[in-house]
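Remarks on the overall topology
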Amino acid sequence: MANDRDGMTWADTGAAVDWDARAALFDEQPDHGLRDPEVRRAWAERLRGWLPGRAGDVLDPGCGTGSLSLLAAEQGHRVTGVDLSTAMVRLAREKLAGRDAVFLVGDAAAPPVGEQRFDAVLVRHVLWALPDPARALRHWYGLLRPGGRLVLVEGVWGSTDPVGIPAERLTGLLAPIAGRVRVERLSGDALLWGGEVTDERYAVVVPVR
């Protein structure tokens, strides 16, 4: 649901941003809309390495307009997207019309999926905006089936008033609930962002035994 941090401070959270108002222009960012074929291919290739190799159920909390949901669906996965913004959810439903995908309006930290369990929970640029990231991580981890994967794409954006969550802090939050974690540094892959970046961007993949 979030990625453009310019001008925001640590005091800004997802609740303080009018995501409905931002929805119409959200996909203008290269890594939001994935409209450039090279950017799209770069993200699709990363997803192939992060998500299970065979078709499964993928939860996308904070799905925004559904760009990563669409890539997952194109790779054969059944997708459930959740976002607090009704405008974002409407755009995601339009983007994935005809696909094996469902989009719900709700809290990314506590997705309204009942007893459903998933083979992967894919979360991009959401954790920074949550008031209790540790609680969200525990909840997402609990939604996974044995052998599933929690995939977290995060970072720290900006230089004057940086916002985000450093990889070291995120792996520390995961330590009490997960054993082995894999960190992939993403800052050096300019294709993911539509240009060179100098700040911290990374992915953490957490397998469930």
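Residues numbered from 1 in each chain as written. Predicted model: local features only at pLDDT ≥ 70, side-chain atom pairs only at ≥ 80, totals over all residues. Heavy atoms only, no water.

1. Brief notes about the pattern of salt bridges
Operational definition: We define a salt bridge as a contact between a side-chain nitrogen of Lys or Arg and a carboxyl oxygen of Asp or Glu at a distance within 4 Å. Put simply, DSSP H or I for four residues or longer makes a helix, DSSP E for two residues or longer makes a strand, and each gets a number counted from the N terminus. In this scheme, a residue with accessible area under 20% of its type's maximum is buried, one over 50% is exposed, and one in between is partly exposed, where area comes from a 1.4 Å probe on protein chains only.
All told, the structure shown has 13 salt bridges when counted by the stated rule. In this structure, Asp27 and Lys95 form a salt bridge, with 2.7 Å as the shortest nitrogen-oxygen distance. Within this pair, whereas Asp27 is found in the loop between α1 (19–26) and α2 (30–33), its partner Lys95 is found in helix α5 (residues 86–95), the two being separated by 68 residues in sequence. For Arg201, the salt bridge identified is with Asp199, shortest N-O distance 2.8 Å. Take Arg201: its relative accessible area is 11%, and that puts it in the buried class. We classify Asp199 as buried; its relative accessible area is 16%. Several salt bridges converge on common partners, so that one network encompasses Arg46, Arg182, Glu184 and Asp189.

2. Digging into the nonpolar core
Convention followed: Buried Ala, Val, Leu, Ile, Met, Phe, Trp, Tyr and Cys residues that are joined via side-chain atoms within 4.5 Å together make up what is termed a nonpolar core. Note on definitions: a residue-residue contact is assigned when non-hydrogen atoms from the two residues lie within 4.5 Å.
In this structure, Trp43, Trp50, Leu71 and Leu186 are the most contacted members of the largest nonpolar core, which totals 30 residues. The set of elements that each furnish at least two residues to this core consists of α3 (37–50), α4 (67–74), α5, β4 (118–124), β5 (144–157), α8 (190–193) and β8 (200–207). For this core, the element with the highest residue contribution is α3, accounting for 6 residues. Contact partners of Leu186, with chain neighbours within four places excluded, come to Arg46, Trp50, Val153, Leu192, Trp193, Arg201, Tyr202 and Ala203. By size, the runner-up hydrophobic cluster in this structure holds 27 residues, among which are Ala108, Phe118, Ala136 and Val206.

3. Overview of the pairing of strand β2 (residues 78–83)
Applied cut-off: Pairing between two strands requires that DSSP report at least two bridges joining them. Handedness of a crossover: with both strands directed away from the viewer, a clockwise path from the first strand across the helix to the second marks it as right-handed.
Of all 6 residues that make up β2, 5 are buried, and the element is covered over most of its length. Two elements, strand β1 (residues 57–61) and β2, share 5 bridges in a ladder whose sense is parallel. Bridge pairing links Asp57 to Arg78 in β2. Taken together, β1, α4 and β2 constitute a β-α-β crossover, and its handedness is right-handed. In this sheet, strand β3 (residues 101–105) lies alongside β2 in parallel orientation, the contact comprising 5 bridges. Note that in β3 the partner of Val79 across the bridge is Ala101.

4. Remarks on α3
The following threshold applies: Under the convention used throughout, the expected extent of a helix is 1.5 Å for every residue step, that is, one less than its residue count. Residues adjacent in sequence count toward polar contacts only when both atoms are side-chain atoms; beyond that, a polar contact is any pair of N or O atoms within 3.5 Å, and within protein one must be able to donate a hydrogen and the other to accept it.
Its 14 residues give α3 an end-to-end C-alpha distance of 20 Å, which sits within 8% of 20 Å, the value for a rise of 1.5 Å per residue. For α3, the side-chain oxygen to backbone nitrogen distance between the N-cap and Glu38 is 2.8 Å, and the N-cap itself is Asp36.

5. Section: the packing of α3 against α4
Rule in force here: Here, axes are lines fitted to C-alpha atoms. For helices the fit covers the stretch in contact, and angles between N-to-C directions go from 0 to 180 degrees. Here the word oblique covers every angle except those under 35 degrees (roughly parallel), over 145 (roughly antiparallel) and from 65 to 115 (roughly perpendicular). Less than a right angle of anticlockwise turn of the near helix away from the far helix marks a crossing as left-handed, whereas a clockwise turn marks it as right-handed. Three classes are used, and their members are as follows: Ala, Val, Leu, Ile, Met, Phe, Trp, Tyr, Cys and Pro are nonpolar, Asp, Glu, Lys and Arg are charged, and the others, Gly among them, are polar.
At a minimum axis distance of 10 Å, the contact between α3 and α4 shows a crossing angle of 60 degrees. On the basis of their axis angle, the class for α3 and α4 is oblique. Crossing of α3 over α4 shows right-handed handedness. Residues Arg40, Trp43, Ala44 and Leu47 of α3 pack against Leu68, Leu70, Leu71, Ala72 and Glu74 of α4. When its residues are assigned to classes, the contact of α3 with α4 shows 7 nonpolar, no polar and 2 charged.

6. Thoughts on the pairing of β8
Counting buried residues along β8, 6 of its 8 residues qualify, which places the element largely inside the surrounding structure. Here β5 runs beside β8; their pairing, made up of 8 bridges, is antiparallel. Counted as the bridge partner of Leu150 is Val206 from β8. Inspection of the sheet shows strand β7 (residues 182–185) paired to β8 by 4 bridges, in the antiparallel sense. Pairing of Arg185 across the sheet is with Tyr202, part of β8.

7. Details of the confidence of the model for the protein
Applied cut-off: Confidence scores per residue from the predictor, reported as pLDDT, run from 0 to 100.
Per-residue confidence for the protein gives a mean pLDDT of 90, with 92% of residues at or over 70. In the predicted structure, residues 1–14 sits below a pLDDT of 50 and forms 40 contacts with residues beyond four places in sequence or in another chain.

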